[in-house]
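One letter stands for each residue in the lines below.
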Amino acid sequence: MSTPENAPVVATTEIEFHKALDEVRERIAFAAERVGRDPQEIRLLPVSKTVPEERLRAAYAAGMIQLAENKVQEAESKAEAMADLNVHWAVIGPLQSNKTRAVAQFADEFQALDRIRIASRLDAHLKEYNRTLDVYVQVNASGEDTKSGLEPRQVEDFLEQLQEFDALNLRGLMTMAFHTDDETVVRENFSMLRDLRDDLRERRPELIGEGGLSMGMSNDYEIAIEEGATVIRVGTAIFGARDYSAK
Ligand SMILES: *Cc1c(COP(=O)(O)O)cnc(C)c1O
């Protein structure tokens, strides 16, 4: 039972967010160290879905200048409300055609690209607004059919088609691991994405660009780092459990 005495501290103030960040950064550093990587090459992307503006302003003050949302509408209204800050907004959830214009206007990054039609619309809108967008192509590494993303064997062809959209800056590949406590399975999902990237780098370097890997969330980011993640998307471990009832 949760009482005020044993309830976990949910960060609200700038100082509490500093603490939450320090804890995650320390675990990032340990994970990187285990495999001889430089922690500096791992970007921590805080996932702020369901977290209200007030707390996000404190998080921003504590240094979280990049924020990720999985729903366009929520991201857009937060971007509007916080337009006085210089937030780098990342959309990390699936995107419908009727939302591409909005994303082209406010987002700096889109991590769930898996349809050419969406890429084409984003590219056209971005050109209207004289903007560019960083993108990650989502791969269904787990084979879980509820998950969006391309089959690994479709990725090369998809990247070829992406080349014509020059308002889109391809930053790399993104995946979500199978939802399981079995670490072996999770690790395999991540290493599969890395192998896919490595193979493309070797055969088609012009397609994969810098070849970043966005993988790992609160439960599995240390495994992801050990397997080569360059971006981790962390929500709960920074903001606490999400409160869906508040909206
Ligand atoms: C919500 C979300 C995350 C973060 O999940 P946590 O388990 O809270 O860290 C990461 N990636 C995507 C695509 C998400 O929707």
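Up top is the structure these notes are about.
Keep in mind the model is a prediction, meaning the values are calculated, not measured.

Participant: Any chance you could explain the pattern of salt bridges here in plain terms?
Facilitator: When charged atoms on two side chains of opposite charge get close, those side chains can pair. With the rule as written, the count across this model stands at 25 salt bridges. Note that Glu109 and Arg43 form a salt bridge whose closest N and O atoms lie 2.9 Å from each other. Here Arg43 lies in strand E1 (residues 43–46) and Glu109 lies in strand E4 (residues 109–113), a separation of 66 residues in the sequence. For Arg131, the salt bridge goes to Asp108, with nearest N and O atoms at 3.5 Å. Placement of Arg131 in the loop between helix H5 (116–128) and strand E5 (133–138) and of Asp108 in the loop between helix H4 (100–106) and E4 is noted, with a sequence separation of 23 residues between them. Taking the relative accessible area as the measure of exposure, Arg131 reaches 23% and is therefore partly exposed. Overall, the relative accessible area of 23% leaves Asp108 in the partly exposed class. What emerges from the salt-bridge pattern is a single network uniting Arg34, Glu183, Arg187, Arg194, Asp195, Glu226 and Glu227.

Participant: Explanation requested: the layout of surface pockets in the structure shown.
Facilitator: Over the atoms rolls a probe the size of a water molecule, and its path tells where empty space is left. Its boundaries defined by the atoms lining it, the largest pocket holds a volume of some 710 Å³. Lining the largest pocket are 27 residues; nearest its centre among them are Met176, His179, Met217, Asn219 and Asp220. Looking at the lining of the largest pocket, its residues break down into ten nonpolar, ten polar and seven charged.

Participant: What exactly am I supposed to notice about helix H6 (residues 155–162) here?
Facilitator: Counting along an α-helix, one turn takes 3.6 residues, and residues three or four places apart therefore face a common direction. Burial in H6 covers these residues: Val155, Phe158, Leu159 and Leu162. Viewed end-on, H6 has its buried residues packed into an arc of 100°, placing them on one side of the element. Of the surrounding elements, those touching the buried residues of H6 are E4, H5, E5, strand E6 (168–174), helix H7 (183–203) and helix H8 (205–208).

Participant: Mind showing me how you'd approach the site of the ligand here?
Facilitator: Inspection of the region around the ligand gives Val47, Lys49, Asn70, Ile92, Met176, Met217, Ser218, Arg233, Val234, Gly235, Thr236 and Arg242 as its neighbouring residues. Contact between the ligand and Gly235: an oxygen atom at 2.8 Å from a main-chain N or O atom of the residue. Contact distances for the ligand include 2.5 Å between an oxygen atom and a side-chain N or O atom of Thr236. Placement of the ligand is best described as lying within the largest pocket. In the shell around the ligand, the residues fall into five nonpolar, four polar and three charged.

Basis of the calculations
Residues numbered from 1 in each chain as written. Predicted model: local features only at pLDDT ≥ 70, side-chain atom pairs only at ≥ 80, totals over all residues. Heavy atoms only, no water. Salt bridge = Lys/Arg side-chain N within 4 Å of Asp/Glu carboxyl O. Helix = DSSP H or I, 4+ residues; strand = E, 2+ residues; numbered from the N terminus. Buried < 20%, exposed > 50% of the residue type's maximum accessible area, 1.4 Å probe, protein only. 1 Å grid on protein atoms, 1.4 Å probe; cavity = no way out; pocket = protein on both sides within 12 Å on 5 of 7 lines; lining within 4 Å. Points joined across faces, edges and corners; volume = space filled by probe spheres on them. Nonpolar A, V, L, I, M, F, W, Y, C, P; charged D, E, K, R; others polar. Arc of directions from axis to C-beta. Contact = heavy atoms within 4.5 Å. Near = heavy atom within 4 Å. Polar contact = N/O pair within 3.5 Å; in protein donor to acceptor, adjacent residues only side chain to side chain. Sits in = over half its atoms within 2 Å of the grid points.

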